[in-house]
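Each chain, letter by letter, is given below.
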Amino acid sequence: MSVLTVTDLAKAYGGVRAVDGVSFAVEAGERVALIGPNGAGKTTLFNAIHGQVQPDAGRVMVRGAETTGQAPHRVWRHGVGRTFQITATFMSMTVLENVQVALASYHRSALGLGQALRHRYRDEALALIAQVGLRDAANRAVSELAYGDLKRLELAVALTNAPALLLMDEPTAGMAGDGRGEMMKLVDRLVADVGVAVLFTEHDMDVVFGHADRVIVLDRGRIIASGAPDVVRADKGVRAVYLGTYDDGAVVT
Amino acid sequence: MALEDFVSFIVAQAIAGLASAASLFLIAVGLSIVFGVTRVVNFAHGSLYMLGAYIAYSLVAVMGDSFAGYLLALLLAAVAVGIIGGVIESTLLRRIYHAPELFQLLATFGVVLIVQDLTRTIWGPDDLFAPRMPGLDGAIDILGHAIPTYDLFLIGVAFAVLGGLWLLFRKTRFGVLLRAATEDRQMVSALGIDQRWLFTAAFVLGAALAGLGGALQMPRQAASLSMDLSIIVDAFVVVVIGGMGSIAGAFIAAVLISELLAFGLVIFPQITLVLIFLVMAVTLVLKPSGLFGRPEFLTAEDVRNPDPPLQPSDAIAKAGWRVLLAWGLVAPFVLGEFSTVILTEIAILALFAASLHFLIWGGGLITFGHAAYFGLGAYGAGLAVFHLSAGMAPALLLAPVAGALGALLFGWFCVRLTGIYMAMLTLAFAQIAWSIAFQWIEFTGGDNGILGVWPSAWASDPTVFYYLAFLVCAAMIWALRHVMFSPFGYTLRGTRDSALRSSAIGVDVMRHRWLAFTLAGAAAGVSGGFFAFAKGSVFPEVLFVSTSVDGLVMVLLGGMQSMAGPILGAIAYTEIQTELNRVTDLWQLVLGVFIVALVVVLPRGLAGLSALLVRRRTS
Ligand SMILES: Nc1ncnc2c1ncn2[C@@H]1O[C@H](COP(=O)(O)OP(=O)(O)OP(=O)(O)O)[C@@H](O)[C@H]1O
Ligand SMILES: [Mg+2]
């Protein structure tokens, strides 16, 4: 059974067909890169999968269960973690508290009125924080973090429900070269260790071709190519709409 | 009734409704234009309307003998109010464009208070009746019903203004700029327009429309000091239904509401308000941004100034809490028995402020109608005593239940909105609760209130009652503080910081907010219940917007970012008010100036004052 199955998914904004009949599947332990020029519909596709927007048509299945049109907080219960293109974290809390809040939700005690949160799930939270390399920043206010560290924090938060699928919208955007590599190595390790499936978007072609098992190319809401990185890289159509500007190592933006 | 009579009745009511819609439209559209351009909800918009009426009254007295003179008087009143609006914008509003919505609402409410007292000082407290408009003082016969010609004139003016605005917005450069500013802020700065000029101009336009709306009312109703708040609430309802920033929305919603009132008053006068409530509720559930509103006004996530993380009390804070508690326990002995009345009030209001602080600071839920739950608690207790002859203990237990049930009902709608929409909706609900208490005389005693709500014999000694109130309120405040540190409280804080992230970690954001709203409603209900017994009576004022504002001022005065803020705020505010009442009749004026100054000079409250002083000294 696939971790994620998307069938004929569509979403239009007024006259703009942001996602236009997209179908694909993601298997356990697979790293799939979703690429395409700006405005291709990558974020909209993520939003439709994750319940942030209601798709106009099509179906979304997570591990065999239909989640089409369900709100994000329900989709999350099916084991889907998400990081955002523009990071979304709790700015008035520490790193540790961000993860603790997520863990409280995972353990279904978000409505708990008893023991203070800071005494709960500490070890579990610290382990996740260490996993993404933020151990030293655990007690820092999120508002003081560098952008790259916010991305790491988002990853730690997304891991709190032991997800089967991670949706990562531009996980390395805004990071320096070294940071990008580190972030993706982290993802690689997660995939290897716990078999999570990762669907990510990315504009840095080094990251895409270095860390994806499979690439899906989106243009104007439609899939124009998909397959192994080398196959996609050689595809003429893809080069025309997207990779034309990619010349070994350059970053397409 | 014969069919003909029925038809003519319908037509007559419809025309009366349209005539009322005219003024409501003028107010609402001005409010909407100002909001669209400046993103400020101007609470004082109703005051401009009231000023329009009073100024028109004076001008009509001088020059209103002829049709032309009367008309000129009305127009001059609108111009005068436009100028006043310009002054308000350039002296006050300009300084608060970047402040949080709550501060903007509060500062403009300060203007409401100032205008109230100034108007009272200039024109006196009595209602003023203007003569009818020469030439339009008759009636014409439509299908056997006498329709005042002035009503037809009003309807004509409304359509003329609608047409004029349409032309302005479509055909003039100024209008294009206004539209651009409403639809896309960046575009305006990109066009290189002087935003300050545009903002002032939009405000003058909105103010003049409000002034015209008020002036036009003169031949129909008396100018009175309660015009400002009653119209602003109706206008809020109209823009919430029609959608902020939309002219067509304001027009359609104004007609809808006025017709509903016109027919409702004839057919089922008792439930007209409930009808409006239902229309508003249904609209918001189906389309949270209103009929023609723009959804993006709903989804502003505020990341400008994140608060620092919550800190558990350190040694100094713990000592501070102990001192406060000890002071509360010994105060009646130190200050003498006569002080217990004020001490009791402070304890009660501190809980009220703390429950508001919990919502605003703990959950980012901007409510401008927290009086509803305080008042429901007070009425719950008072009505239990009055109708059921309940004792004090059961009545006090009923208070939080009443507060919580009200919050459960109103909150279900309010948590669907955010920011300024939520603030307006909470206010509208509270005002509806107030009108019900005011109008349902058989049940609530109306304006005469409920008397004889006295404590049981064992607590009838003021000192004993003080200790009861103090201990219960202190325990509740402690409990609210405890909740803020609990998983529930942190999750709530999370929904405030980022609803997006909250839902992505499995939090049902609306349900969570709804529960917080209910909890705060219960806490406010407790304080309302005690308030009823402390006063021995319950009047509709406990539900009125001024009670909500009292709570907000206490919270801001004490400092939003501190757990002790609401308590310090309640102490300071009660003391200030007591002293002011002693020295001046114009306490509304002083309070208004005080609020404005608080927002402009000290947006972080008393707690921020020390920070400000430290910074001054070091720089
Ligand atoms: N809320 C919205 N309202 C209207 N149009 C939208 C909305 N969100 C996205 N669009 C449009 O849908 C299309 C796809 O946008 P989307 O953000 O999904 O692209 P993307 O592939 O993520 O781009 P990028 O690489 O810049 O992140 C664009 O044309 C965009 O303008
Ligand atoms: Mg995107």
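Computed from a prediction, not measured in an experiment: that's the story for all the values here.

### Looking at the overall build of chain A
Part 1: Along chain A, the regular secondary structure elements total nine helices and ten strands.
Part 2: Relative to the compact-globule value of 18 Å for 253 residues, chain A shows a C-alpha radius of gyration of 18 Å, a close match.
Part 3: Once the C-alpha set of chain A is aligned to its principal axes, its extents read approximately 60 × 40 × 35 Å.
Part 4: Taking all contacts inside chain A whose residues are at least 6 apart in sequence as the whole, residues at least 24 apart take part in 65%.
Part 5: Put simply, chain A shows about 10,100 Å² of open surface, and 49% of that area lies on carbon and sulfur atoms.
Part 6: Treating the 26 positive side-chain charges of chain A as one cloud and the 28 negative ones as another, the clouds have centres 5 Å apart.

### Quick notes on the pairing of strand E10 (residues 222–227) of chain A
All names here are of chain A.
Part 1: Where strand E9 (residues 214–219) meets E10, five bridges bridge the pair, whose relative direction is antiparallel. Across the sheet, Ile216 pairs through a bridge with Ser226, a residue of E10.
Part 2: The hairpin turn running from E9 into E10, its antiparallel successor, is two residues long, and Arg220 in that turn takes a positive phi close to 45°.

### Notes on the domain arrangement of chain B
Interface size is often expressed as the accessible area that is lost when the parts come together.
Residues and elements named next belong to chain B.
Part 1: Parsing chain B into structural domains produces domain 1 (7–267) and domain 2 (322–544).
Part 2: Using only C-alpha atoms to locate each centre, domain 1 and domain 2 end up separated by 34 Å.
Part 3: Listed by partner, the interface residues are 15 residues for domain 1 and 13 residues for domain 2.
Part 4: Carbon and sulfur atoms make up 90% of the surface buried where domain 1 meets domain 2, a total of about 1,300 Å² over both sides.

### Topic: the interface of chain B and chain A
Part 1: Contacts between chain B and chain A engage 31 residues on the former and 36 residues on the latter.
Part 2: For the chain B and chain A pair, buried surface summed over both sides reaches about 2,800 Å², with 66% attributable to carbon and sulfur atoms.
Part 3: By the criterion of area lost to chain A, the three top residues of chain B are Pro487, Arg501 and Ile505 of chain B, representing 25% of everything that side buries.
Part 4: Taken together, the links from chain B to chain A amount to one salt bridge.

### What to know about the nonpolar core
Residues and elements named next belong to chain B.
Part 1: Judged by nonpolar contacts, the single largest core of 257 residues is most densely connected at Phe43, Leu165, Met280, Phe358 and Phe368.
Part 2: Looking at this core element by element, the count peaks at 15 residues for helix H1 (residues 3–38).
Part 3: Two domains share this core, each providing at least three of its residues, namely domain 1 (7–267) and domain 2 (322–544).
Part 4: Those residues in contact with Leu165, other than ones at most four positions away along the chain, are Phe25, Val29, Ile33, Leu209 and Ile247.

### Regarding the site of ligand 1
All names here are of chain A.
Part 1: Within the structure, ligand 1 sits among 14 residues, and Asn38, Gly39, Lys42, Thr43 and Thr44 are positioned closest to it.
Part 2: With respect to ligand 1, the side chain of Lys42 contributes an N or O atom lying 2.8 Å from an oxygen atom.
Part 3: Gln85 is positioned with one of its side-chain polar atoms (N or O) 2.9 Å from an oxygen atom of ligand 1.
Part 4: Protein contacts shield 62% of the accessible area of ligand 1, which totals 640 Å² for the unbound molecule.
Part 5: When residues of the shell around ligand 1 are traced back to their parent elements, those giving at least two are strand E2 (16–26) and helix H1 (42–50).
Part 6: Top contributing element to the shell around ligand 1 by residue count: H1, with three residues.
Part 7: Counted by class, the shell around ligand 1 contains five nonpolar, seven polar and two charged residues.

### Let's talk about the coordination of the magnesium ion (ligand 2)
Residues and elements named next belong to chain A.
Part 1: In this structure, Thr43 (OG1) and Gln85 (OE1) serve as the protein donors to the magnesium ion (ligand 2), at separations of 1.9 to 2.2 Å. Here Gln85 lies in the loop between strand E6 (80–83) and helix H3 (95–106) and Thr43 lies in helix H1, a separation of 42 residues in the sequence.
Part 2: Among the residues examined, Thr43 registers a relative accessible area of 27% and is labelled partly exposed.
Part 3: Residue classification places Gln85 among the partly exposed residues on the basis of a relative accessible area of 33%.

### Details of empty space enclosed by the protein
Residue and element names in this part refer to chain B.
Part 1: Counted by the stated rule, this structure contains four cavities of 30 Å³ or more.
Part 2: For the largest cavity, the calculated volume is near 70 Å³.
Part 3: Along the walls of the largest cavity sit Trp321, Ala354, His357, Ile477, Leu480, Arg481, Met484, Met563 and Pro566, which together make up its complete lining.
Part 4: Counting residues per element, the ones that place at least two in the lining of the largest cavity are helix H13 (340–363) and helix H18 (462–485).
Part 5: The dominant element in the lining of the largest cavity, judged by the number of residues it contributes, is H18, at four residues.
Part 6: Across the lining of the largest cavity, the residue classes break down as seven nonpolar, one polar and one charged.
Part 7: Computed from the structure, the second largest cavity encloses a volume of approximately 40 Å³.
Part 8: Forming the walls of the second largest cavity are Leu18, Ala21, Ala22, Phe25, Ala158, Phe159, Phe251 and Val255.
Part 9: The dominant element in the lining of the second largest cavity, judged by the number of residues it contributes, is H1, at four residues.

### Things to note about the environment of Val545 of chain B
Part 1: In this structure, Val545 of chain B sits in helix H22 (residues 545–558).
Part 2: Setting aside residues no more than four positions away along its own chain, Val545 of chain B makes contact with Phe43, Phe109, Leu229, Leu427 and Gln431 of chain B.

Definitions and limits used
Residues numbered from 1 in each chain as written. Chains lettered and ligands numbered in written order. Predicted model: local features only at pLDDT ≥ 70, side-chain atom pairs only at ≥ 80, totals over all residues. Heavy atoms only, no water. Helix = DSSP H or I, 4+ residues; strand = E, 2+ residues; numbered from the N terminus. Rg over C-alpha atoms; globule rule 2.2 N^0.38 Å. Contact = heavy atoms within 4.5 Å. Areas by Shrake-Rupley, 256 points an atom, 1.4 Å probe, with all protein chains shown as cover. Lys, Arg positive; Asp, Glu negative; His and termini not counted. Charge placed at Lys NZ, Arg CZ, Asp CG, Glu CD. Pairing = 2+ DSSP bridges. Domains from an automatic or database assignment. Buried area = accessible area lost by both parts, 1.4 Å probe. Salt bridge = Lys/Arg side-chain N within 4 Å of Asp/Glu carboxyl O. Core = buried A, V, L, I, M, F, W, Y, C linked by side-chain atoms within 4.5 Å. Buried < 20%, exposed > 50% of the residue type's maximum accessible area, 1.4 Å probe, protein only. Near = heavy atom within 4 Å. Polar contact = N/O pair within 3.5 Å; in protein donor to acceptor, adjacent residues only side chain to side chain. Nonpolar A, V, L, I, M, F, W, Y, C, P; charged D, E, K, R; others polar. Donors = N, O, S within 2.8 Å, 3.2 Å for Na, K, Ca; no water. 1 Å grid on protein atoms, 1.4 Å probe; cavity = no way out; pocket = protein on both sides within 12 Å on 5 of 7 lines; lining within 4 Å. Points joined across faces, edges and corners; volume = space filled by probe spheres on them.

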